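Letter by letter, the chains look like this.
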Amino acid sequence: KGALFGLGAAALFGASTPFSKLLLGSVNPWLLAGILYLGAGIGLSIFMLIRAAASDSAAESPLKLRDLPWLAAGVAAGGIAGPVLLMFGLSTTDASSASLLLNLEGVATMAIAWIVFRENVDRRLLLGAAAILAGAVLLSWSGEGFRLGWGSILIAGACLAWGIDNNLTRKLSASDPVQIAAVKGLVAGAVNTGLAIYMGAPAIAPALAVAGAIIGLFGIGVSLVFFMLGLRHLGTARTGA
């Protein structure tokens, strides 16, 4: 189950990148980051209401007070910083290269899990991380020496932010993943949307906002739920890989 959840999370998250790229010509990158997460938060909140109305006896354990510091730190890193860096990086990088560069998230997740949280990482994972890193460097190479474009650097920064978030989220994996993803989406989405409007992002057509929200629901919200379910079975480093 853990591998299936991890692969499902990767498929949804990876697919969200080219779809988001389609909207960036018409939507401010910071505003789009907010809309993606708001879509995830609102959609998962509606699901929670439906689940509660159905009186699901197999409901997950809700968040507790001791979980809030981990959740707040995860929202700041993965919900606010990560998507903004990705959208600005994606605005100057083609979607296919950006999607492949997102493999750096797995490397960052494994490195933090191994070095900071002392999680067991075997030779196969280290070899895989080295291969991912080498591929990412080649993808980022502009063909003019070894200079990296700013778009690639911003995407790498987003991957680092999500690597931090993934390890913090491991502390919450026993709690309801839908509730956690909904809270992350609502808080991070509201913050980034508010900041984008404050910074003067132009208004967009309702159809574009709805499209962004749908991409966020599946590419961010459902993907995060699957990722957290994978964490329960595999641990942080392997789920990230």
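Model, not experiment: these values are computed from the prediction. (Residues numbered from 1 in each chain as written. Predicted model: local features only at pLDDT ≥ 70, side-chain atom pairs only at ≥ 80, totals over all residues. Heavy atoms only, no water.)

Caption draft 1: Region of the structure containing the layout of surface pockets. Of the pockets and cavities examined, the largest pocket occupies roughly 670 Å³. Where the lining of the largest pocket is concerned, the elements lending two or more residues are α1 (2–24), α3 (68–90), α5 (104–115), α7 (150–169), α9 (206–234) and α10 (236–240). Examining the composition of the lining of the largest pocket, we find that eight residues originate from one element, α1, more than from any other. Looking at the lining of the largest pocket, its residues break down into 14 nonpolar, 14 polar and four charged. (1 Å grid on protein atoms, 1.4 Å probe; cavity = no way out; pocket = protein on both sides within 12 Å on 5 of 7 lines; lining within 4 Å. Points joined across faces, edges and corners; volume = space filled by probe spheres on them. Helix = DSSP H or I, 4+ residues; strand = E, 2+ residues; numbered from the N terminus. Nonpolar A, V, L, I, M, F, W, Y, C, P; charged D, E, K, R; others polar.)

Caption draft 2: Structural context of the side chain of Asp67. On the secondary structure map, Asp67 appears in the loop between α2 (29–53) and α3. Despite its burial, Asp67 pairs with no opposite charge; the closest candidate is Arg66, at 4.5 Å N-O. Polar contacts involving the side chain of Asp67 include one to the main-chain amide nitrogen of Lys64, which spans 2.9 Å. A distance of 3.4 Å separates the side chain of Asp67 from the side chain of Ser175, its partner in a polar contact. When near neighbours in sequence (up to four residues on either side) are disregarded, Asp67 contacts Leu172 and Ser175. (Buried < 20%, exposed > 50% of the residue type's maximum accessible area, 1.4 Å probe, protein only. Lys, Arg positive; Asp, Glu negative; His and termini not counted. Salt bridge = Lys/Arg side-chain N within 4 Å of Asp/Glu carboxyl O. Polar contact = N/O pair within 3.5 Å; in protein donor to acceptor, adjacent residues only side chain to side chain. Contact = heavy atoms within 4.5 Å.)

Caption draft 3: A look at the pattern of salt bridges. A full pass over the atoms with the stated rule returns four salt bridges. The salt bridge involving Arg51 is made with Asp176; its shortest N-O contact spans 2.5 Å. Taken together, the positions of Arg51 in helix α2 and Asp176 in the loop between α7 and α8 (177–198) put the pair 125 residues apart, joining distant regions of the chain. Residues participating in the shared-partner salt-bridge network are Asp122, Arg124 and Arg238.

Caption draft 4: Looking closely at the packing of α8 against α9. One can describe the packing of α8 onto α9 by two numbers: an axis separation of 9 Å at closest approach and a directional angle of 135°. Compared by their axis directions, α8 and α9 come out oblique. As α8 packs across α9, the resulting crossing turns out to be right-handed. In this structure, α8 contributes Pro177, Val178, Ile180, Ala181 and Lys184 to the contact, and α9 contributes Gly221, Leu224, Val225, Met228, Leu229 and Arg232. Class assignment of the residues belonging to the contact of α8 with α9 gives a composition of eight nonpolar, one polar and two charged. (Axes fitted to C-alpha atoms, helices over the stretch in contact; angles between N-to-C directions. Parallel < 35°, antiparallel > 145°, perpendicular 65-115°, else oblique. Left-handed = near helix turned anticlockwise from the far one by under 90°.)

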